[in-house]
Amino acid sequence: MSSFEFDPKHDPENPFDFGVRPKQGGDPTEGFADRLNEAQLDAVTAGDGPALVIAGAGTGKTRVLVHRVAYLVRRGVAPSAILLLTFTRRAASEMLRRASALVDRPVDEVSGGTFHSFANTLLRRHGKVLGLPPNFTILDSADSSDIIGHIRTGLGVGGRGQRFPQRRTCQSIISAAINRNVELADVVLERWPHFAHHTEDLQRIYEGYRDFKVERGLADYDDLLLYARDLLDREVAVRDEIGRRYEHILVDEYQDTNRIQGDLVSLLGQSHHNVMVVGDDAQSIYRFRGATIDNIFDFPKLFSDSRRITLEQSYRSTQPVLDVANEILSRAEHGYEKHLFSSIEGDERPRLIACENESVQTRWIADRILELHEEGLPLGGIAVLFRSSFHAFDLELELGRREIPFVKYGGFKFMETAHVKDIVAHLRILDNPKDAVSWTRVLTLLPGIGEVTAHRIASSLDEKSPFDLSRAKAQKRAKNALTRLSDLLNRFRDTFPGPARAIEELIEYYEPLLTEKYDDHPKRRAELEHVAVLAGKHKSLRSLLDDFAIEPPNRATDKGAPALDSDGESKLILSTIHSAKGLEWDAVFVIWVVEGRFPTFQAIDREEELEEERRLIYVATTRARQELTFTYPSGSWDKMGRYLSAPSRFVSQIPADVLEPWRATSTGLGLNDEVDLSPMIIPEATGLLGHDHGIDDVEWTEESRSRLRSRRKKIDSRILGDLGNDDWTYEEEWPD
DNA sequence: ACTGGACAGCTTTTT
DNA sequence: GCTGTCCAGT
Ligand SMILES: Nc1ncnc2c1ncn2[C@@H]1O[C@H](COP(=O)(O)OP(=O)(O)OP(=O)(O)O)[C@@H](O)[C@H]1O
């Protein structure tokens, strides 16, 4: 479709305008009718002005948003004047991918990403008016906890035998206060009441931390948002300029935004009101970091001229999958209006499988994945989801053994592992010799230099030749190492060989220290080599450091590699549920659906957190198109010696004809021992091994019994291999 | 005064 | 596995 033409009158000086315009007289909704239902089309073609799309999972919210982009572009809005925002990086890239796949080339110019990356761009350009230097350094979470740690020790809080919050906890407390826009004292009282007697010290740490950052031109993740809000709030000229540049603001997953982000949206839309936000209150899973659904509910108050559009039909999941989702939500403490329905056919009932132990869970899932794959489903159409990243460790090993290629998302902080931080700290010093935090890190690596000496050296550096360490006061045994460090840094200062090469050389330098410090140094060294590869994309140190801080690699396995194998085969996805937001797969497995892990022990006695866990499993459930399976090992211990056995309360009460109870057993623990699956028969007959298997109130009907029997047969014949391919309607990646 | 080893405690999810 | 605290050794 070539519905675009070149505008000879466009301003060639404008870097955001390539002069591409929709053909006059073209229908901006061309082709939309068979891709959108009535309500969706209504939202897509809503006139200018604010709109709130609120709808359940899989009803096409993102689809609406990306079609809206196409619609606006076709109507003549410059793609660069459209700003697409969301909270998570994964959702942001999915949204941008779908948007650019949908229409012709110009959509590549649509601006967008996470709130944080947008704020960063904004502040690099305009931060100066707030006193933020344009070369401010972004602190990642480990940096800021390091600084908080220093301040914490510096203030000498806590003292002997006293229980003072650890630095990570201090960091959470501070961040919680900021993201919720409330006083530190209130947040402590509400969420950490057991530390209430330390409130004053916490306040002092907070202030010390804040001043520390201001003095040195540092910004943590929260600061990016805070500064951006201040900028747009206080600097009318900047706000006007930004308002003119971005004529349309579109926000996905709006239920996951916090107060500051909500304010940002409001400020961005202040001059033109062209704001469309989409969200689902039942999918709000970031309240733990201050997200508030009040942003959704207050949207009509914020923009009194706003339209509210709701979507009801799911186009993702089959009705049996949605039945489970509805069951989960129906038990929520505060009801949701939602009742999802679907017209997608499917008679596969989702299953809840009690596995004998973790190994059985792992092996059964691997078996089933291979089975699905043999039936013709690409591995990329399958996902295994979990509450916490470490839940997948055992499965990762097994997949490796069976040579099933996979990519894992979430919970992995490559850039925050000690050895990577060590290397990056050297780069930071080169970029900003005043970076005292990095100096301390770099210097304490050396033998005989501890925190005190490092601080002393770092604070007495010569401005003109910061890398000259010959006069640094330290123990004798440190002298050699200091010279080595000094030589290296000076050499880089004279001729910087580019980020990738610099890292190679740093690894050479660091190798002896690494070997000394870690038993697993070969593995760590290989990971450092990978950092050098990642750095290859960057020409300047600054862009590298920004990227490492704001968009660090979040895939644990095969970081940065494409989702395809060398032979073009897609890979199985392992993901935390948080990172699976907005995505979908034909077959979804949710593992460790057990009390203590999902919900987590921490959440069990806090109602708010428990409800968030419930929404989380709702999100997991609604990722599935066709096949949905919950599994849990029915007897295991966690690291702290707690016994995990009961199925998650979120699924244990669901009637058996909505969620079928099965049992997986194995004759042995060996890797090659077969795993058998059998329907869990009526409780009275089995005695239930003494556990609550959640089917006390099973409503067994003749129908559900026979369904179980027929499934049993089907499974058997699958194993025997005499059943043809199931009809998997797997669409090739199709531009939405 | 400082470093670094031994030991005990906590361990979710994201930017 | 990583962080914080305590303490012996330099
Ligand atoms: N009118 C439609 N016709 C065909 N397919 C549709 C239609 N609307 C949505 N879909 C498909 O349904 C699936 C879910 O859509 P989408 O991801 O936009 O939903 P969503 O509401 O954003 O979901 P979530 O709440 O999980 O983020 C996608 O595969 C999408 O292409």
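Above: the structure in question.
Residues numbered from 1 in each chain as written. Chains lettered and ligands numbered in written order. Predicted model: local features only at pLDDT ≥ 70, side-chain atom pairs only at ≥ 80, totals over all residues. Heavy atoms only, no water.

(A) Geometry of the protein's contact with DNA strand B. Lining the immediate environment of DNA strand B, one finds 33 residues, of which R163, R387, G450, T453 and M640 sit closest. Considering DNA strand B, the proportion of its atoms within 4 Å of the protein that are sugar or phosphate atoms stands at 66%. At a separation of 2.5 Å, a phosphate oxygen of DNA strand B approaches a polar backbone atom of G450. Measuring from a phosphate oxygen of DNA strand B, one finds a backbone N or O atom of E451 at 3.4 Å. Counting residues per element, the ones that place at least two in the surface near DNA strand B are helix 19 (451-459) and helix 24 (577-580). Here the surface near DNA strand B is built from residues that sort into 8 nonpolar, 16 polar and 9 charged. (Near = heavy atom within 4 Å. Polar contact = N/O pair within 3.5 Å; in protein donor to acceptor, adjacent residues only side chain to side chain. Helix = DSSP H or I, 4+ residues; strand = E, 2+ residues; numbered from the N terminus. Nonpolar A, V, L, I, M, F, W, Y, C, P; charged D, E, K, R; others polar.)

(B) Inspection of the sheet that holds strand 9 (residues 275-279) at higher detail. Read from one edge of the open sheet, 6 strands run 5-4-8-9-3-10, paired in parallel fashion. The outermost strands of the open sheet, each flanked by one partner alone, are strand 5 (111-114) and strand 10 (307-311). With strand direction ignored, the average angle separating the axes of adjacent strands in the sheet is 15°. Bridge analysis of strand 3 (residues 51-55) against strand 9 gives 4 bridges, and the strand direction is parallel. In the sheet register, A51 faces strand 9, and the bridge partner there is M276. Strands strand 4 (82-86) and strand 5 of the sheet are contacted by helix 3 (residues 89-102), whose axis makes an angle of about 145° with strand 4. (Pairing = 2+ DSSP bridges. Axes fitted to C-alpha atoms, helices over the stretch in contact; angles between N-to-C directions. Contact = heavy atoms within 4.5 Å.)

(C) How the structure looks around the packing of aromatic side chains. Applying the stated criterion to the full structure yields 10 aromatic pairs. Summarising the aromatic geometry, the rings of Y254 and F299 are spaced 6.2 Å apart at their centres and angled 80° between planes, so their arrangement reads as edge-to-face. Here Y254 is found in the loop between strand 8 (248-251) and helix 11 (259-268), whereas its partner F299 is found in helix 13 (residues 299-302), with 45 residues between them in sequence. We note that Y254, like F299, is buried. Considering the side-chain rings of F299 and F303, the 5.2 Å spacing of their centres and the 55° angle between planes classify their relative orientation as tilted. As far as burial versus exposure is concerned, F299 and F303 are alike and both buried. An aromatic cluster is built from F87, Y286 and F288, whose rings are joined through pairwise contacts. Lying over the aromatic face of Y409, R90 brings its terminal NZ or CZ to 3.4 Å of the ring centre. The ring of F492 has R491 lying over it, and the distance from NZ or CZ to the ring centre is 5.8 Å. (Phe/Tyr/Trp six-rings, centres within 6.5 Å; stacked < 30°, edge-to-face > 60°. Buried < 20%, exposed > 50% of the residue type's maximum accessible area, 1.4 Å probe, protein only. Lys NZ or Arg CZ within 6 Å of the ring centre and 35° of its normal.)

(D) Focus on empty space enclosed by the protein. As enumerated under the stated definition, the model contains 9 cavities of 30 Å³ or more in all. Approximately 80 Å³ is the volume found for the largest cavity. For the lining of the largest cavity, the secondary-structure elements that each account for two or more residues are helix 5 (141-154), helix 17 (418-431) and helix 18 (436-444). A breakdown of the residues in the lining of the largest cavity according to their chemical character gives 3 nonpolar, 1 polar and 5 charged. (1 Å grid on protein atoms, 1.4 Å probe; cavity = no way out; pocket = protein on both sides within 12 Å on 5 of 7 lines; lining within 4 Å. Points joined across faces, edges and corners; volume = space filled by probe spheres on them.)

(E) Spotlight on the packing of helix 4 (residues 115-126) against helix 9 (residues 221-234). Between helix 4 and helix 9, the shortest axis-to-axis distance is 9 Å and the interhelical angle comes to 60°. Our classification of the angle between helix 4 and helix 9 gives oblique. Crossing of helix 4 over helix 9 shows left-handed handedness. In contact with F115, H116, A119, N120, L122, L123 and H126 of helix 4, helix 9 contributes Y221, L224, L225, Y227, A228, L231 and L232. Tallied by class, the residues present in the contact of helix 4 with helix 9 amount to 11 nonpolar, 3 polar and no charged. (Parallel < 35°, antiparallel > 145°, perpendicular 65-115°, else oblique. Left-handed = near helix turned anticlockwise from the far one by under 90°.)

(F) Representation of the site of the ligand within the structure. Near the ligand there are 21 residues, and of these Q40, K61, R63, Q283 and E584 occur at the shortest range. At 2.8 Å, a side-chain N or O of Q283 approaches an oxygen atom of the ligand. Within the side chain of R623, one N or O atom sits 2.8 Å away from an oxygen atom of the ligand. Relative to its free-state accessible area of 630 Å², the ligand is covered by the protein chains to the extent of 88%. A total of 3 residues in the shell around the ligand trace back to one element, the largest contributor, which is helix 2 (residues 61-74). Taken together, domain 1 (38-124 + 225-311) and domain 3 (322-411 + 559-679) each give at least three residues to the shell around the ligand, which thus spans both. (Areas by Shrake-Rupley, 256 points an atom, 1.4 Å probe, with all protein chains shown as cover. Domains from an automatic or database assignment.)

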